[in-house]
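Each chain is listed here by its residues.
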Number of protein chains: 2
Amino acid sequence: MRVVAALGGNALLRRGEAPEAERQRLNIGRAVAALADVARHHELVVTHGNGPQVGLLAIQAASYAGAAPTPLDVLGAETEGMIGYLLEQELRNALPGRDVATLLTQVVIDPDDPAFARPTKPIGPVYAEQEALALAEARGWTLAPDEGGFRRVVPSPEPGEIVELSTIRLLVDAGVLVVCAGGGGIPVTEGPAGALHGVEAVIDKDLAGERLASALDADLLLLLTDVSAVERDRGTAAASPIQAATPSELRRLRFPSGSMGPKVEAACRFVERGGARAAIGALEDASAVAAGDAGTQVTGDQPVGRSADATRA
Amino acid sequence: MRVVAALGGNALLRRGEAPEAERQRLNIGRAVAALADVARHHELVVTHGNGPQVGLLAIQAASYAGAAPTPLDVLGAETEGMIGYLLEQELRNALPGRDVATLLTQVVIDPDDPAFARPTKPIGPVYAEQEALALAEARGWTLAPDEGGFRRVVPSPEPGEIVELSTIRLLVDAGVLVVCAGGGGIPVTEGPAGALHGVEAVIDKDLAGERLASALDADLLLLLTDVSAVERDRGTAAASPIQAATPSELRRLRFPSGSMGPKVEAACRFVERGGARAAIGALEDASAVAAGDAGTQVTGDQPVGRSADATRA
């Protein structure tokens, strides 16, 4: 089957870890070990987050006075190169003889998206309050409370058309393992004559992954993160993992907007748009989640067990 | 005909200009205006330098104390994303309806290449002597005299196999305008079991462009820079442009190692390895240089005029 796998920024970089190259290389090696088994049995397209990485590049750029700060679209392109390189290299090393390609990807957004009036996507490290206030003042950043401190937040508009879709499809159809739409894709607006122009935003990579999976007619959208399943009543004594659900069942529940929310939304959209199955689970369980044996399986009206069996073939 | 065009870092960023995103966007727009006419009439593969850009990212990374400095292979990957993005976006805007793809590219080098003992490739800005001494001390960089000051120099090993070649060929054969091997490609070594590993170096983009052009059986290797032709006795009263030459004629002359040297070497190698024609000239003359009507035309034993006419068809 054709699988689109979205790797969370947290799966590539644990909370609190500095996004240094060697640390990322080790974590990506671990991620690829988990993904390789999926790649051995299925067509695989890999996409990934870039929150910690784009935040680091923004700080590094702002720390050097010799050049103007780099806009977020260009920083996003840099992270597609950086993370894509590390992923592709480890994928090639884990899958000798397999063609792997990393494609720069732009995603069209609506310049009137309400997200521009209300930045929500956290990028970069956690700052103490004093430092956060100073950064807001000095750089015009918006900062919001996060993980006991403050993080920079940027607009996260809805993903639209994937600019490079025809090329991605060409490569996937030819059997190439494609890494693309990194960081949710570089956000661009499309002018009246079709002219593309980058904008300062970061698209959610799970929602972009859903667009990619739907556009490629994937059989499975695999959303991999650092928790083993979606939980009902998470953080309470009544917490329990959800093994299987339909979009309408999931849409009755509430999930944190910064982490599980977009994954559940992406899974629901994929199935609602005709995708056979979406699954949310832990990166290290990738193979079992893809097989329908772990994580949270999201399907339409058919009985879940049969659907998982059918798509497993 | 199939054309591989290599854009000099100096063509994208004039000497002394800070490699800021907006400046690069303007210059790349200018470069693409010159290239678009070539793209309208021929299959085109674009590669580009990254000297100023990889140097800036290295300084930005080193200016922030919160994370370890990023190694050069990862910085190279970042520049492939950054420059590739700006190039692809402008190419798409200039050529509506044309598929354009930017592919992350690794190039295999020999870990025993003598270049590692003798860094020669300048990256980043020009420093005054005091600052250069301080940087050499603090960061272990090698700095060499350049343009009246000092620039950081890094090893520049010979390019070998292009890791993503089969994918590049697939896209070119399908009519996609491909941007690849940016910055000469990310230098990697190939272990005994074929495992790839990045190394701290920057490959010359003209020599990598030659490898690309030869491997793709290109009809023309187009080396575009900020001077209109290779000159005999450049910088003297007897200076005169060379309109046409064979590799053996060019190999009798001497050219500056940092700028024209690698272009002449790349042109000679391409023709010696069976390529019909290489041409060196100004970016703004791209179309005329490609047509054989400007710049320095390098061909084998056949009369140059006929060769140029034949390949123009």
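Remember, predicted model here, so these are calculated numbers, not experimental data.

Chemist: When you look at the overall build of chain A in this model, what are you seeing that I'm missing?
Modeler: Counting its regular elements, chain A contains eleven helices and 16 strands. For chain A, the C-alpha radius of gyration of 19 Å lies close to 20 Å, the compact-globule estimate for 313 residues. Structurally, chain A occupies a C-alpha span of about 60 × 50 × 45 Å along its principal axes. Across chain A, the fraction of contacts at a sequence separation of at least 24, relative to all contacts at a separation of at least 6, is 72%. In the form shown here, chain A has an accessible surface area of approximately 11,900 Å², with 49% of it arising from carbon and sulfur atoms. Taking the average place of the 28 positive charges on the side chains of chain A and the average place of its 41 negative ones, the gap between the two points comes to 4 Å.

Chemist: I keep staring at the interface of chain B and chain A and nothing clicks. Help me out?
Modeler: Size of an interface: often given as the accessible area lost when the parts come together. Counting residues at the interface gives 51 residues for chain B and 52 residues for chain A. Surface buried jointly by chain B and chain A totals about 4,000 Å² across both partners, of which 62% is contributed by carbon and sulfur atoms. The largest contributions to the chain B side of the interface with chain A come from Gln60(B), Tyr64(B) and Tyr85(B), which together make up 15% of the buried area. Run the count over chain B and chain A and you get two salt bridges.

Chemist: Looking at this structure, I do not really get helix α2 (residues 21–41) of chain A. What am I missing?
Modeler: Side chains three or four residues apart in an α-helix point the same way, a direct result of the helix having 3.6 residues per turn. Residue and element names in this part refer to chain A. The end-to-end C-alpha distance of α2 is 30 Å, a good match for the 30 Å that 21 residues give at a rise of 1.5 Å each. The largest bend along α2 measures about 35° and falls at Leu35. All of the buried residues along α2 are Ala21, Gln24, Arg25, Asn27, Ile28, Ala31, Val32, Ala34, Leu35, Ala36, Val38 and Ala39.

Chemist: Help me understand the nonpolar core, please; the structure alone is not making it clear to me.
Modeler: A general feature of soluble globular proteins is that nonpolar side chains tend to end up buried together. Ile168(A), Leu212(A), Ile168(B) and Leu212(B) are the most contacted members of the largest nonpolar core, which has 84 residues in total. Once residues lying within four places of it in the same chain are set aside, the contact partners of Leu212(B) are Val4(B), Val45(B), Thr47(B), Ile162(B), Ile168(B), Cys180(B) and Ala181(B).

Chemist: Mind showing me how you'd approach the environment of Arg169(A) here?
Modeler: All names here are of chain A. Take Arg169: it is sitting in helix α6 (residues 165–173). The exposure class of Arg169 is partly exposed, given its relative accessible area of 33%. Between the alpha carbons of Arg169 and Ala144 there is a distance of 38 Å; along the sequence they are 25 residues apart. The contact partners of Arg169, leaving out residues within four places of it in the chain, are Ala215 and Leu216.

Chemist: Would you mind showing me how to read the pairing of strand β15 (residues 277–282) of chain A here?
Modeler: Residues and elements named next belong to chain A. Most of β15 is tucked away: six of the six residues are buried. Where strand β11 (residues 220–225) meets β15, six bridges bridge the pair, whose relative direction is parallel. Paired with Thr225 across the strands is Ala282, a residue of β15. Two strands pair when backbone bridges link them, and β15 and strand β16 (residues 296–299) are joined in this way by four bridges, in the antiparallel orientation. Along β16, the bridge assignment pairs Ala278 with Val298.

Chemist: How should the pattern of salt bridges be read in this particular structure?
Modeler: Where side chains of opposite charge bring their charged atoms close, a pairing between them can arise. Residue and element names in this part refer to chain B. The final tally for this structure, using the stated rule, is 31 salt bridges over all chains. Two residues, Arg2 and Asp173, come together in a salt bridge whose shortest N-O distance is 2.7 Å. Here Asp173 lies in helix α6 (residues 165–173) and Arg2 lies in strand β1 (residues 2–7), a separation of 171 residues in the sequence. Residue classification places Arg2 among the buried residues on the basis of a relative accessible area of 12%. Here Arg25 ties to Glu22 by a salt bridge, and the two come within 3.2 Å at their closest N and O atoms. Note that Arg25 and Glu22 are positioned in helix α2 (residues 21–41) at a spacing of three residues, about one turn of the helix. Among the residues examined, Glu22 registers a relative accessible area of 46% and is labelled partly exposed.

Chemist: I keep staring at the pairing of strand β3 (residues 100–103) of chain B and nothing clicks. Help me out?
Modeler: Side chains on a regular strand alternate between the two faces of the sheet. Residues and elements named next belong to chain B. Both faces of β3 are covered, namely the face carrying Val100 and Thr102 and the face carrying Ala101 and Leu103. Alignment of β3 against strand β8 (residues 177–180), held across four bridges, turns out to be parallel. Directly across from Val100, in β8, lies its bridge partner Leu177.

What counts and what doesn't
- Residues numbered from 1 in each chain as written.
- Chains lettered and ligands numbered in written order.
- Predicted model: local features only at pLDDT ≥ 70, side-chain atom pairs only at ≥ 80, totals over all residues.
- Heavy atoms only, no water.
- Helix = DSSP H or I, 4+ residues; strand = E, 2+ residues; numbered from the N terminus.
- Rg over C-alpha atoms; globule rule 2.2 N^0.38 Å.
- Contact = heavy atoms within 4.5 Å.
- Areas by Shrake-Rupley, 256 points an atom, 1.4 Å probe, with all protein chains shown as cover.
- Lys, Arg positive; Asp, Glu negative; His and termini not counted.
- Charge placed at Lys NZ, Arg CZ, Asp CG, Glu CD.
- Buried area = accessible area lost by both parts, 1.4 Å probe.
- Salt bridge = Lys/Arg side-chain N within 4 Å of Asp/Glu carboxyl O.
- Expected span 1.5 Å × (residues − 1).
- Bend = angle between axes of the 7 residues up to and from the residue.
- Buried < 20%, exposed > 50% of the residue type's maximum accessible area, 1.4 Å probe, protein only.
- Core = buried A, V, L, I, M, F, W, Y, C linked by side-chain atoms within 4.5 Å.
- Pairing = 2+ DSSP bridges.

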